[in-house]
Amino acid sequence: MKRDAQMINKEKSSDVKRCVRCVMPENYPGITLNPEGVCNFCRYFEGRWRSWSDNTEEQAKSKAKLERIFENAKRKGKRYDALLGISGGKDSSYCLYICKEVYGLNVLTCTRDNGFMSEEGKERVNKLIQIFDVPHLYYADPFSQELAGIFMRKTGNFCAPCELFSFNIHAMLAREYDIPLIVMGSSSRTDGAPPKKLNPWDPWYFRNVLKGESFKERLNCSFYANYIIKEGLTRLLGHRRMILLPDYLDWDEKQIARMFEEKYGIHFGHEHSDCLVDDLKDYLYARKCGGTSTRAVKYSLLIRTGRMSREEALEKLSEEDYSIPPASLDYFLEIVDMSREEFEAASEKSPEAYLSIISRIFNAIRLRIRKQAA
Ligand SMILES: [Zn+2]
């Protein structure tokens, strides 16, 4: 039975009509192909990033802009110039390298354990803070796993609490320590994010999902309390700046991984190996995206930036199988105290039922800020 499902899945994935330039299939949420067969993600990328990617002069300009931002942060003379979240993954590690090693910023680093952080990820974080000799704060909230279960049961997606936790930690620490600059390692040019409507995490959405749950007081005392609005205002008034580092610099992940291996003896493993349920997240997104996970979005970005061939991406996609859940499901079910049947039923659900108009406006703004197509 399983075998049949796998075969059908593979046939389906090879049958689906895809963009002729990248590998996005036309049944993915938000994808439209033009008469030439080029998808809107590729067309958006052309308009937003092509000239930057092809033009070393433009890249030099954005590097100079980044240097000015760093100089401004230093000039403020605060205890720390910048705040950096480090997960033990490639992108945040490279941010640390750039900020501390290349530009000599005085950085405060932090790590949030979303309740599913791997030992591998924790070890890498420990190594990084020793190598770069930076102050580091570690945050875990016992609420995280419980919230992951609630969000899974109600919305078919368990990532929202982790996303909000991460934002709040940055906002809280930047305010607490009066840090003028927050540096992030994720950008729509380098990261394959899921469709926004499937992964909302704004406070209005959060509140809607948790309506009727009985732990309001605990929530208010946790890291899930609302910071977004205050932080947005602070940035609007110019007190603080948040930058997505890959928007300013060339970001070759293979080179980054090689550099960390050779220079520091750090091995990154597979993508997002800091989260133990990352493949389960992929499985859930694939179910809601016509059988395609966010990995296809990532491969498509690599194709657009000339770092992967279309053939290689198609080959990788043909090896992926989302007809059966990954092994991490059992671990997840145990942590959130859920049965397989409950999980199956919940995975049909979507966050959309909890999205208010204000959430939709907020998510539209997020797309503009991240310069993301959909
Ligand atoms: Zn495309």
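Residues numbered from 1 in each chain as written. Predicted model: local features only at pLDDT ≥ 70, side-chain atom pairs only at ≥ 80, totals over all residues. Heavy atoms only, no water.

## Re a positive patch on the surface
Convention followed: Distance thresholds for patches are 9 Å for like charges and 5 Å for nonpolar side chains (Val, Leu, Ile, Met, Phe, Trp, Tyr), applied to residues having over 30% relative accessible area and no salt bridge. Each accessible area is a Shrake-Rupley result for a 1.4 Å probe, and residues are judged covered by the shown protein chains and nothing else. By definition here, a salt bridge exists when the distance from a side-chain nitrogen of Lys or Arg to a carboxyl oxygen of Asp or Glu is within 4 Å. Charge assignment: positive for Lys and Arg, negative for Asp and Glu; neither His nor the chain ends contribute. Note on charges: their place is set at NZ of Lys, CZ of Arg, CG of Asp or CD of Glu. By the criteria applied, helices consist of DSSP H or I runs no shorter than four residues and strands consist of E runs no shorter than two, each listed in order from the N terminus.
Taken together, the side chains of Arg48, Lys65, Arg68 and Arg241 present a region of like positive charge at the surface. Relative to the elements of secondary structure, Arg48 occurs in helix 2 (residues 40-54).

## Re the pairing of strand 1 (residues 82-85)
Spelled out, the test is: Burial here depends on accessible area, computed with a 1.4 Å probe over protein chains only, as a share of the maximum for the residue type. Under 20% is buried, over 50% is exposed, and the range in between is partly exposed. Only strands that DSSP links by at least two bridges are regarded as paired with each other. Classification remark: right-handed applies to a crossover when, strands pointing away from the viewer, the course from the first strand over the helix to the second runs clockwise.
Because side chains alternate across strand 1, one face comprises the buried residues Ala82 and Leu84, and the other comprises Leu83 and Gly85, equally buried. Looking at chain direction, strand 1 and strand 2 (residues 107-113) are connected through four bridges and run parallel. If you follow Leu84 over to strand 2, its bridge partner there is Thr109. In the classification by handedness, the crossover that spans strand 1, the intervening helix 4 (residues 90-102) and the parallel strand 2 is right-handed.

## Concerning helix 10 (residues 228-236)
Keep this limit in mind: For this quantity, the arc is that covered by the directions from the helix axis to the C-beta atoms.
Considered for burial, the residues of helix 10 that qualify are Ile228, Glu231 and Thr234. Mapping the buried residues of helix 10 onto a view down its axis gives an arc of 125°, with all of them on the same face. Facing away from the buried side of helix 10 by over 90 degrees, the exposed positions are Lys230 and Leu236. Following helix 10 by one or two positions, Gly238 adopts a phi angle in the positive range, close to 85°.

## Digging into the coordination of the zinc ion
Rules: Donor selection uses N, O and S atoms within 2.8 Å of the metal (3.2 Å for Na, K and Ca). Since no water is included, sites may look incomplete. Donor angles set the geometry label: tetrahedral for four donors if every angle is between 85 and 135 degrees, square planar for four and octahedral for six if opposite donors exceed 155 degrees and the others are between 65 and 115, irregular for anything else.
Here the zinc ion is held by Cys19 (SG), Cys22 (SG), Cys39 (SG) and Cys42 (SG), and the distances to it run 2.3 Å. Coordination at the zinc ion is tetrahedral, judged from the four donor atoms that bind it and the angles of 105 to 113° they form at the metal. Each donor residue of the zinc ion belongs to the same chain, with the gaps between them written as C-x2-C-x16-C-x2-C. Accessibility assignment for this pair places Cys39 and Cys42 in one class, buried.

## Examining the packing of helix 6 (residues 143-155) against helix 15 (residues 328-336)
Our working definition: Between N-to-C directions, angles span 0 to 180 degrees; the directions come from axes that are lines fitted to C-alpha atoms, helices contributing only their stretch in contact. Should an angle lie under 35 degrees it is considered roughly parallel, over 145 roughly antiparallel, and from 65 to 115 roughly perpendicular; all remaining angles are considered oblique. Residue contacts are defined here by distance: any two heavy atoms, one from each residue, within 4.5 Å place the two residues in contact. Any residue outside Ala, Val, Leu, Ile, Met, Phe, Trp, Tyr, Cys, Pro, Asp, Glu, Lys and Arg is labelled polar, Gly included; the first ten of those are nonpolar and the last four are charged.
Closest axis-to-axis distance for the helix 6/helix 15 pair is 9 Å, and the angle between their directions is 105°. One finds that helix 6 runs roughly perpendicular with respect to helix 15. In contact with Gln145, Ala148, Gly149, Met152 and Arg153 of helix 6, helix 15 contributes Phe332, Ile335 and Val336. Residues that form the contact of helix 6 with helix 15 fall into these classes: five nonpolar, two polar and one charged.

## Considerations on the confidence of the model for the protein
Going by this rule: How sure the predictor is of each residue is captured by pLDDT, a score from 0 to 100.
For the protein, the average pLDDT comes to 89, and 94% of its residues sit at 70 or higher. Low pLDDT (under 50) marks residues 1-12, which in the prediction has ten contacts with non-local residues, meaning those over four places away or in another chain.

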